[in-house]
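Secondary and tertiary structure notes
One letter stands for each residue in the lines below.
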Amino acid sequence: MSARNHDHQHQAVPSDPALRVKALESLLTEKGYVDPAALDALIDHFETKVGPRNGAKVVARAWVDPAFKRRLLADAPAAIAELGLIRHQGEHLVALENTPSVHNLVVCTLCSCYPWPLLGLPPVWYKSTAYRSRAVIDPRGVLREFGLELAGDVEVRVWDSTAEVRYIVIPERPAGTESLGENELADLVTRDSMIGAAKVSGPRP
Amino acid sequence: MNGVHDLGGMHGMGPIPREENEPVFHHAWEGRVYALDRSLAAHQRWTLDAWRHDIELLPPADYLRMSYYERWLAAMERRVVRYGFLTPEELSSGRAAPDSARGAPALTAAMVQNYGRNLASAHDPSIQPLFHPGQRVRARNLHPAGHTRLPRYARGKCGDIARDHGVHDFPDTSAAGLGPKRQHLYSVRFAARELWGEAASPRDSVYIDLWDDYLEPA
């Protein structure tokens with residue numbers, strides 16, 4: 001490719017995204033299609049109201065209430081609706097239980113599908129080409145990179161979210177948490193553990 | 001399409017970029033892109049599948065170079081013109097033409113607290129499944145040039161129906177504007193060795209959500 005063509009290609013894609021977004025927002029607002037107050041509210045919604053704490057409440061309830069866990073594994077949307085965390089109909093959710101012998105890991109190789117009503121918007125690593133390419137072919141290597149070494153006799157199940165079904169992992173309850181209440185347990189549950197990229201650690205002594 | 005977005009099983013993408021205490025948005029403009037995109041989606045001029053296809057249509061080198069929200073932005077700049085929100089002149093000049101179309105917001109601040117996806121029910125007894133849990137199936141060897149959610153790494157491979165997710169819109173036709181063609185969707189279990197050969201762990205497996213049209217009896 002000549003230097004001239006190369007320059008031309010760069011000109012066709014302006015470099016500063018902040019300016020491009022500002023121009024789009026201003027035009028679309030002037031023409032009436034978007035409400036800037038709605039943009040502010042949506043950003044606030046995802047920065048402060050929706051996030052992994054929702055999923056952590058589901059996990060903690062499953063740990064303390066075996067009947068709830070059974071309902072969660074059989075029909076996650078109905079069980080989660082009991083907690084009042086998701087109001088919309090039609091969110092297709094499946095809960096996967098990690099045990100000493102089965103480890104589940106969730107990925108979206110084709111884009112970035114993620115259970116955001118329970119976990120918020122996905123982290124950069126989940127959307128990265130590195131994770132999306134490797135999780136299906138080398139899940140044990142990926143988990144090792146996250147600091148989790150699985151024994152050879154553990155069965156690894158990777159879930160590629162190719163459709164509108166969203167998966168949340170119910171991690172194992174750590175040892176030494178028998179005396180903790182549901183809220184304290186929820187505080188232990190991390191985002192990565194609900195994707196299957198980590199285990200939950202017990203309370204710090 | 002056999003695009004660069006279809007990443008499953010590729011090598012060479014480097015270490016996984018992990019970040020402690022990661023913010024929801026790394027720059028203010030990322031939040032604006034996200035919210036602008038959702039506000040436009042509320043107008044329902046495109047399906048989610050068509051939306052995904054727009055991102056897949058970015059030139060491969062751009063796709064790999066851009067950050068996640070840069071991809072959203074680049075796809076949105078094409079979409080606002082294609083679906084009639086802006087004229088090409090308005091997009092390039094940054095000024096609204098006095099005689100161009102106007103509209104009303106489809107998403108307001110008051111609607112945000114109930115913000116969520118509005119997916120059709122997966123329960124539809126009038127549409128029968130072509131396969132049943134436990135059945136051995138093969139992912140068909142399809143290479144459509146348009147949008148598809150059958151990853152390349154599964155094509156031609158055999159697996160077992162693990163569960164029936166009910167009836168869902170079919171992405172290939174939905175993205176192409178040919179209607180939802182609703183059909184059964186299944187979680188199909190593929191042994192890691194079927195996908196990746198003898199070097200894979202004999203215990204491991206990959207579950208992929210696949211539609212009737214992607215499958216044949218094995």
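The structure displayed is predicted, hence computed values, not measured ones. Once a new chain begins, its residue numbering starts again from 1 and follows that chain's sequence as written. Chains and ligands are labelled sequentially in the order written, the chains with letters from A and the ligands with numbers from 1. Only residues with pLDDT of at least 70 get local features here, since the model is predicted, and only at 80 or more are side-chain atom pairs given and counted; chain-wide, interface and lining totals rely on the full set of residues.

Structural notes on the overall build of chain A
Only DSSP runs of H or I with at least four residues qualify as helices, and only runs of E with at least two residues qualify as strands; both kinds are numbered from the N terminus onward. Each helix and strand counted, chain A has 12 helices and 4 strands in total. Here the C-alpha coordinates of chain A stretch approximately 65 × 40 × 35 Å along the principal axes. Taking the contacts inside chain A whose residues are at least 6 apart along the sequence as the reference set, 68% of them involve residues at least 24 apart. We call two residues in contact if the C-beta atoms placed from their backbones are at most 7 Å apart.

Brief notes about the confidence of the model for chain B
Parts of the prediction with low pLDDT should not have their coordinates interpreted in detail. As a per-residue quantity, pLDDT reports the predictor's confidence and falls between 0 and 100. For chain B, the mean per-residue pLDDT works out to 96, and 100% of the residues sit at or above 70. Among the scores for the predicted complex, ipTM is 0.97 and pTM is 0.95.

Some details on the sheet that holds strand 5 (residues 215-217) of chain B
In this description, strands pair whenever DSSP reports at least two bridges between them. An order of 2(A)-3(A)-4(B)-3(B)-2(B)-1(B)-5(B) is seen for the 7 strands of this open sheet, with the pairing classed as mixed. Both outer strands of the open sheet, strand 2 (102-107) of chain A together with strand 5 of chain B, are each paired with one neighbouring strand and no more. Going across the sheet, the axis of each strand differs from the next one's by a mean of 35°, ignoring polarity. Where strand 2 of chain A lies against strand 3 (residues 155-160) of chain A, 6 bridges are found, and the strand directions are parallel. Within the sheet, the bridge partner assigned to His-103 of chain A lies in strand 3 of chain A and is Val-156 of chain A. The axes used here are C-alpha line fits, helices contributing only the stretch in contact, and every angle between their N-to-C directions lies in the interval 0 to 180 degrees.

So, the packing of helix 2 (residues 17-30) of chain A against helix 4 (residues 68-82) of chain B
Between helix 2 of chain A and helix 4 of chain B, the least distance of the axes is 11 Å, while the angle of their chain directions is 35°. Like other packed secondary-structure pairs, helix 2 of chain A and helix 4 of chain B cross with a definite hand, here left-handed. Across from Pro-17, Arg-20, Val-21 and Leu-24 of chain A in helix 2 of chain A, the residues of helix 4 of chain B making contact are Glu-70, Leu-73, Met-76 and Val-80 of chain B. Charged residues are taken to be Asp, Glu, Lys and Arg, nonpolar residues to be Ala, Val, Leu, Ile, Met, Phe, Trp, Tyr, Cys and Pro, and polar residues to be all remaining types, Gly included. Per-class residue counts for the contact of helix 2 of chain A with helix 4 of chain B are 6 nonpolar, no polar and 2 charged. Should the near helix be turned anticlockwise from the far one by less than a right angle, the crossing is left-handed, and should it be turned clockwise, the crossing is right-handed.

Looking at the nonpolar core
In these notes, a nonpolar core means any group of buried Ala, Val, Leu, Ile, Met, Phe, Trp, Tyr and Cys residues linked to one another through C-beta atoms within 7 Å. Three exposure classes are used. Buried residues have 20 or more other C-beta atoms within 10 Å of their own C-beta, exposed residues have 12 or fewer, and partly exposed residues fall in between, all C-beta atoms being placed from the backbone. Val-59 and Val-158 of chain A together with Leu-210 of chain B are the most contacted members of the largest nonpolar core, which has 72 residues in total. At 6 residues, the largest contribution of residues to this core is made by helix 4 (residues 52-64) of chain A. Ignoring any residue separated from it by four or fewer positions in sequence, one finds Val-59 of chain A in contact with Ile-170, Pro-171, Val-189 and Met-194 of chain A. Listed in part, the 33 residues of the second largest apolar core include Val-50 of chain A together with Ile-55, Leu-58 and Trp-72 of chain B.

Observations concerning the interface of chain A and chain B
Contacts between the two partners involve 62 residues from chain A, matched on the other side by 71 residues from chain B. Taken together, the elements giving at least two residues each to the side of chain A that touches chain B come down to helix 2, helix 3 (36-49), helix 8 (124-127), helix 9 (129-134), helix 10 (139-145) and strand 3 of chain A. The leading source of residues in the side of chain A that touches chain B is helix 2 of chain A, at 10 residues. A breakdown of the residues in the side of chain A that touches chain B according to their chemical character gives 34 nonpolar, 12 polar and 16 charged. Pairing of strand 3 of chain A with strand 4 (residues 205-211) of chain B involves 4 bridges; the strand directions are parallel. Within strand 4 of chain B, the position partnered with Asp-160 of chain A by the bridge is Ile-208 of chain B.

Notes on the pairing of strand 1 (residues 92-97) of chain A
Residues and elements named next belong to chain A. Most of strand 1 is tucked away, with 5 of its 6 residues classed as buried. With 6 bridges joining them, strand 1 and strand 4 (residues 165-170) adopt parallel strand pairing. Counted as the bridge partner of Val-94 is Tyr-167 from strand 4.

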